[in-house]
Structure formats: C-alpha cells, structure tokens
Amino acid sequence: MTVSTLPLNDGHQVPWIAFGTGTTLFQEDAEDAIRLAIDNGFTHLDGAQVYGNEETMGNGIVASGKSRSELFVTTKLAKLQPGATPKSALQESLKKLKVDYVDLYLVHQPRHHIGKLKEIWKGMEEAHKAGLTKSIGVSNFTADQLNTILEVATIPPAVNQVEAHPYVWKALQPNLAIHDQYKIVTSSYGGLSPLFRGTGGPLDPVIEQIRARLEKTRGAPVSDGQVLNKWLQQKGVLVVT
C-alpha cells in the first residue's frame, strides 16, 4: 500500500499511519508481527521502551530485509533509571532495535517525570543534537504540560500522541489549539475505542451510515474501523493502530 505523509514542524515527514507494538504485543515477542506488518505495506513502526519488546521489534526489522531508509521507527522514553538521561536511554533502545537512529523519540508519560519536565525536554534535545533521533516529541501531554516544556524548548515537540477519537475530540481542544500554534502533529492511540469501549453510543448510527455510503461508492466492503481511521486522517491526525 502507498502511505501518504504528514509534515512535521522540523522539516521531516511522517507516514500518517503506524503499526503499534503496545496493547496486544505488550511484553510479547513482536518479531513476526513486525515482519508481517512491513510485508503488508506498513513503513511506520511505533514502539516504546515500556512495551518490553524493542529487542524483538528490532529482530522483525532485520528479518524484513527493508533498508533503514525505507522505514520510520518511533520509540518512547520510559521512566528514567537512576543516573540515566533521555540520551543514554535512547542509546540502549538503539542497541535493542538494531538501528543507528530512530525517526521519532517521544516522552511517553509526563507522570514519570513530575517536577522535571523541563529537564527531561532539554535531555530530549540533547539526544536530537547527538543525531540519535531525527525528531522529538511527547505523548499524553496536556496543554499545561506542553506549555511547561515550551518555556525552555529550543526545539518544539514535533508530535503529541494522545487518545483521540470523536468522543474525546471536544476535550482535546486546549491541546489542539497549542498543536495548531506550534505546528505539532496530533498522533492518536485508541482511535477505535468507540467500537470497543463506547458501543451503544450516539456515534454508532453515524458510523453505520457513513460505512454504508462508502461501500456503495467504492463497491467494496468497508469496516467501521476504516471509517474512524479515515475521520482521523481527514483531521490531519497521525494514526497508531
């Protein structure tokens, strides 16, 4: 499949959809899943230190036979061990992933760094300056937390990965205003939550109407998940499966 890209505020481009390695692959061997995802056209692979599967994610990247330049690899900073920095933590991830750099490095959870967000962000910038990652960003940051790091940032976050779907879109407006101001790409996890955790809600008949219309137009089956992912894509959101 051909995957379109979204522009980042640092000049790089990111594929609009990523294969996620959390949830069902948490603490699991991800090698076969990664290889199959790449075989099926995914080029963006979304990982994290806390998922506990970077080693096997790296095995899948190697097994795919794809050149490094053909892939977009994301990982995320976990809670730091004593004496560690965002840079040193990423160096450990690179060994496990069997790559020389990642394309995107995110601060995974602000609650892991209470009172230290500014310090952590400067550490992320150091990892970027060292060439270990092409872009840096955050995950699960509120508008206030974004403003905290923006006070000291010489490199603004390129991405903020948050739960995003129609049921939380209104609550995300403070975030989205900052995203628009600084050209931060909104990345989503849990984009299909309305199909699993919000069944029976007011969105159900809307999705069904859109799905039926698209099936008629395309002349091919369309899933509810495809409808929601298309909605996110049209909002300019980077979707993580």
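From a predicted model like this one, the values you see are computed outputs, not experimental measurements.

K.L.:
Would you mind going over the overall build of the chain with me for this structure?
P.N.:
Helix and strand content of the chain: nine helices and ten strands. Relative to its length of 241 residues, the chain is compact, with a C-alpha radius of gyration of 18 Å against a globular reference of 18 Å. C-alpha extents for the chain along the principal axes are approximately 55 × 40 × 30 Å. Of all intrachain contacts in the chain linking residues separated by at least 6 positions in sequence, the fraction that spans at least 24 positions is 70%. For the chain, the distance from the average site of its 24 positive side-chain charges to the average site of its 24 negative ones is 4 Å.

K.L.:
How should I be thinking about unusual backbone geometry in this particular structure?
P.N.:
The phi torsion at K98 lies on the positive side, around 60°, for a residue other than glycine. Along the polypeptide, K98 turns up in the loop between helix 3 (86–97) and strand 6 (102–107). Judged by its relative accessible area of 36%, K98 is partly exposed. A positive phi angle, near 65°, is found at N140, a position not held by glycine. Along the chain, the position of N140 falls in the loop between strand 7 (133–139) and helix 5 (143–150).

K.L.:
Hey, could you run me through helix 6 (residues 173–182) in this one?
P.N.:
Side chains that are three or four residues apart share a direction in an α-helix, a result of its 3.6 residues per turn. Along helix 6, the residues classified as buried are N175, L176, I178 and H179. The buried residues of helix 6 occupy an angular sector of 160° when the element is viewed end-on, so they sit on one face. Residues of helix 6 that are exposed and angled more than 90 degrees away from the buried face: D180 and Q181. Elements that come into contact with the buried residues of helix 6 comprise helix 5, strand 8 (159–163) and strand 9 (185–189). K183 occupies a position one or two residues after helix 6 and carries a positive phi of about 60°.

K.L.:
When you look at the sheet that holds strand 9 in this model, what are you seeing that I'm missing?
P.N.:
Two orientations exist for strands paired in a sheet by backbone hydrogen bonds: parallel and antiparallel. The parallel closed barrel is built from eight strands, whose spatial order is 3-4-5-6-7-8-9-10. Taken over all neighbouring pairs, the strand axes of this sheet differ in orientation by 25° on average, direction set aside. Here strand 4 (residues 44–46) pairs with strand 5 (residues 72–77) via three bridges, running parallel. Directly across from H44, in strand 5, lies its bridge partner F72.

K.L.:
Got a minute to help me understand the packing of aromatic side chains in this structure?
P.N.:
To describe a pair of aromatic rings, one takes the distance between the centres and the angle between the planes. Applying the stated criterion across every chain yields a total of three aromatic pairs. Ring centres of F26 and Y51 lie 6.5 Å apart, and the angle between their planes is 70°; on these two criteria the pair is classed as edge-to-face. Here Y51 lies in the loop between strand 4 and helix 2 (54–64) and F26 lies in the loop between strand 3 (17–20) and helix 1 (31–39), a separation of 25 residues in the sequence. A cation sits over an aromatic face here: R68 above Y101, 4.1 Å from the ring centre.

K.L.:
Help me understand the environment of D103 in this model?
P.N.:
Considering the arrangement of structural elements, one finds D103 in strand 6. Distance from D103 to Y167, taken between C-alpha atoms, is 30 Å for residues 64 residues apart in sequence. Ignoring sequence-local partners within four residues, the contact set of D103 consists of R68, L71, F72, V73, T133, K134 and S135.

K.L.:
Which parts of the structure should I look at to understand the side chain of Q109?
P.N.:
By the secondary structure assignment, Q109 is in the loop between strand 6 and helix 4 (117–129). Discounting residues that sit within four places of it in the chain, Q109 has contacts with S139 and N140.

K.L.:
Even after reading the chapter, I still don't get the layout of surface pockets, so can you show me in this structure?
P.N.:
Empty space left among the atoms is revealed by rolling a probe the size of a water molecule over them. Reported here for the largest pocket is a volume of approximately 690 Å³. Around the largest pocket, the lining is made up of 27 residues, and of these G22, T23, Y189, G190 and T241 lie nearest the centre. Of all the elements in the fold, those that place two or more residues in the lining of the largest pocket are strand 3, helix 9 (224–234) and strand 10 (238–240). When the residues that make up the lining of the largest pocket are grouped by side-chain class, the tally is eight nonpolar, 17 polar and two charged.

K.L.:
Could you clarify how one ought to interpret the pairing of strand 9 in this entry?
P.N.:
Within a regular strand, the side chains alternate between the two sheet faces. Among the five residues that make up strand 9, four are buried, leaving the element largely enclosed by the rest of the structure. Where strand 8 and strand 9 come together, five bridges link them in parallel fashion. Its bridge partner being in strand 9, V159 is matched across the sheet by V185. Following the backbone out of strand 8, through helix 6 and into the adjacent parallel strand 9, one traces a crossover that is right-handed. Sheet analysis places strand 9 next to strand 10, joined by two bridges and oriented parallel. Counted as the bridge partner of S187 is L238 from strand 10.

K.L.:
I would appreciate a short explanation of the nonpolar core in the present structure.
P.N.:
Generally speaking, a soluble globular protein has its nonpolar side chains buried in company with each other. Counting 57 residues, the largest nonpolar core has I34, Y105 and M124 as its most contacted members. Ranked by size, the runner-up nonpolar core spans five residues in total, among them L203, I207, V222 and L228.

What counts, and at which threshold
- Residues numbered from 1 in each chain as written.
- Predicted model: local features only at pLDDT ≥ 70, side-chain atom pairs only at ≥ 80, totals over all residues.
- Heavy atoms only, no water.
- Helix = DSSP H or I, 4+ residues; strand = E, 2+ residues; numbered from the N terminus.
- Rg over C-alpha atoms; globule rule 2.2 N^0.38 Å.
- Contact = heavy atoms within 4.5 Å.
- Lys, Arg positive; Asp, Glu negative; His and termini not counted.
- Charge placed at Lys NZ, Arg CZ, Asp CG, Glu CD.
- Buried < 20%, exposed > 50% of the residue type's maximum accessible area, 1.4 Å probe, protein only.
- Arc of directions from axis to C-beta.
- Pairing = 2+ DSSP bridges.
- Axes fitted to C-alpha atoms, helices over the stretch in contact; angles between N-to-C directions.
- Phe/Tyr/Trp six-rings, centres within 6.5 Å; stacked < 30°, edge-to-face > 60°.
- Lys NZ or Arg CZ within 6 Å of the ring centre and 35° of its normal.
- 1 Å grid on protein atoms, 1.4 Å probe; cavity = no way out; pocket = protein on both sides within 12 Å on 5 of 7 lines; lining within 4 Å.
- Points joined across faces, edges and corners; volume = space filled by probe spheres on them.
- Nonpolar A, V, L, I, M, F, W, Y, C, P; charged D, E, K, R; others polar.
- Right-handed = clockwise from strand over helix to strand, strands pointing away.
- Core = buried A, V, L, I, M, F, W, Y, C linked by side-chain atoms within 4.5 Å.

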